[in-house]
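# Structural features, examined
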Amino acid sequence: MLFTGGGIFLLFSVCVAVSIGAISVPMQTVWGIVLNKVVPGMIDQSWSVGREAIVWDIRFPRTILAGLVGAGLALVGATLQAVTRNPLADPHLLGISSGGAFGAILALLHTGLFLGLLTVPLLAFLGALCASAMVLGVSRLASATSADRLILAGVAVSFVVMAAANVLIFLGDPRATHTVVFWMLGGLGLAQWSQLIYPLVILVFCGFFFWIKSGDLNAMTIGDETASTLGIPVAYFRLTIFIVGALITGVMVAFSGIIGFVGLMIPHIVRMMVGGDYRRVLPTSALIGAIFMVWSDVAARTIMAPEDIPIGIITGLVGGLFFIWLLGRRNKV
């Protein structure tokens, strides 16, 4: 029931998000444009070419990308919190987002698009994968096998990788650095229909992989010893989750920039709603993450319209206030 209601609300949110902006477009016009694109000539065109371009070429791909990114980051955050048994684990704190940003910046400022549109997502994934390997390597080198130490290793790697990314920005073309810095704060303004296939395919396949492993994730939340007695190869499974999480994060970062707090905050909210069973946590996290990002993008587009606020500012503000509220709530309990 909750998932069905959430799906309906997500559809409603997408429709409203497309109609809201510096130039308001009536919902009826939005539906007319969509139906005409799906079935050409189905409805007599009563809107201008400019409004059609705003709805179909700008706002719709941007809103869909927002939903994909929110769902992907929330899924990664939920799975990382399971395998590390730490509620503070998310792609940003574990350095995965920073690695993805490093790879994307390398492509945008230095290597060029030598593989076409695949260049940025591919290098972002490789950067996220390398950052994950560094986190696991540092934790093993320091014999930091506990979940808390793994988070500390992730924070350390995140600082190092972001320092290297800043060096790339410093050495890059000054005319392009402004765009890259804005992208690092998170933004969906460059969304295009032709590019949405990449995050969509990655989210579907990796999300399905996470879901079929939900039983193992449930066991990992109890402890490594319990998971081992159930026949789960703990070290290999944790490494697999990190790699798949790096793939999702790298691709999402490549198209949206660094967006914090989504993977950290959404799983907390979901567990308060549905409990700790990952068969319910994962799909609900993806759904709530998508809804949250769609409305965050609406806020980013409208608060200072016609200027775009980087969406990372919106998610950081909301996420920070949420955790302040959560700390106060726990102190009262």
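Residues numbered from 1 in each chain as written. Predicted model: local features only at pLDDT ≥ 70, side-chain atom pairs only at ≥ 80, totals over all residues. Heavy atoms only, no water.

### With respect to the overall build of the protein chain
In terms of helices and strands, the protein chain carries 14 helices and zero strands. The secondary structure elements of the protein chain, listed N-terminal to C-terminal, are α-α-α-α-α-α-α-α-α-α-α-α-α-α. Relative to its length of 333 residues, the protein chain is compact, with a C-alpha radius of gyration of 20 Å against a globular reference of 20 Å. Across its three principal axes, the protein chain shows a C-alpha extent of roughly 65 × 50 × 40 Å. Counting across all 333 residues of the protein chain, residues that qualify as buried make up 52%. Sequence-distant contacts, at least 24 apart, represent 75% of the contacts inside the protein chain between residues at least 6 apart. A distance of 7 Å separates the average location of the 17 positive side-chain charges in the protein chain from that of its 13 negative side-chain charges. (Helix = DSSP H or I, 4+ residues; strand = E, 2+ residues; numbered from the N terminus. Rg over C-alpha atoms; globule rule 2.2 N^0.38 Å. Buried < 20%, exposed > 50% of the residue type's maximum accessible area, 1.4 Å probe, protein only. Contact = heavy atoms within 4.5 Å. Lys, Arg positive; Asp, Glu negative; His and termini not counted. Charge placed at Lys NZ, Arg CZ, Asp CG, Glu CD.)

### Section: the nonpolar core
Counting 76 residues, the largest nonpolar core has Leu217 and Ile266 as its most contacted members. Broken down by element, the residue count for this core peaks at 13 residues, all from helix α3 (residues 49-84). (Core = buried A, V, L, I, M, F, W, Y, C linked by side-chain atoms within 4.5 Å.)

### Regarding a nonpolar patch on the surface
Taken together, the side chains of Leu35, Val38, Val39, Met42 and Ile43 present a nonpolar region at the surface, about 410 Å² in accessible area. Take Val38: it is sitting in helix α2 (residues 27-38). (Patch = residues over 30% accessible without salt bridge, like charges linked within 9 Å, V, L, I, M, F, W, Y side chains within 5 Å. Areas by Shrake-Rupley, 256 points an atom, 1.4 Å probe, with all protein chains shown as cover. Salt bridge = Lys/Arg side-chain N within 4 Å of Asp/Glu carboxyl O.)

### Regarding the packing of aromatic side chains
Summed over all chains, the structure comprises seven aromatic pairs. Ring centres of Phe60 and Trp193 lie 6.3 Å apart, and the angle between their planes is 25°; this geometry places the pair in the stacked category. Residue Phe60 is found in helix α3, and its partner Trp193 is found in the loop between α7 (174-184) and α8 (197-212); the two are separated by 133 residues along the sequence. Given a relative accessible area of 34%, Trp193 falls into the partly exposed group. Clustering of aromatic rings is evident, with ring pairs tying together Trp56, Phe60 and Trp193. (Phe/Tyr/Trp six-rings, centres within 6.5 Å; stacked < 30°, edge-to-face > 60°.)

### Describing α2
Its twelve residues give α2 an end-to-end C-alpha distance of 17 Å, which sits within 8% of 16 Å, the value for a rise of 1.5 Å per residue. All of the buried residues along α2 are Thr29, Val30, Gly32, Ile33, Val34 and Asn36. Elements in contact with the buried residues of α2: α1 (2-19) and α3. (Expected span 1.5 Å × (residues − 1).)

### Points about the environment of Leu200
The topology assignment puts Leu200 in helix α8. Residue Leu200 is classed as partly exposed on the basis of its relative accessible area, which comes to 38%. Along the sequence, Leu200 and Gly137 sit 63 residues apart, while their C-alpha atoms lie 31 Å from each other.

### With respect to the pattern of salt bridges
Going through the model one piece at a time under the given rule, you end up with four salt bridges. Across the pair Asp308 and Arg62 runs a salt bridge, and its minimum N-O distance is 2.7 Å. Highlighted residues: Asp308 in the loop between α13 (278-302) and α14 (311-332) and Arg62 in helix α3, separated in sequence by 246 residues. Here Arg62 falls in the buried class, since its relative accessible area comes to 8%. One connected set of salt bridges, linked through shared partners, spans Arg62, Asp297, Arg301 and Asp308.

### Remarks on unusual backbone geometry
If you check the backbone angles, Phe261 has positive phi at about 75° while not being a glycine. Tracing the backbone shows Phe261 in the loop between α11 (234-256) and α12 (262-274).

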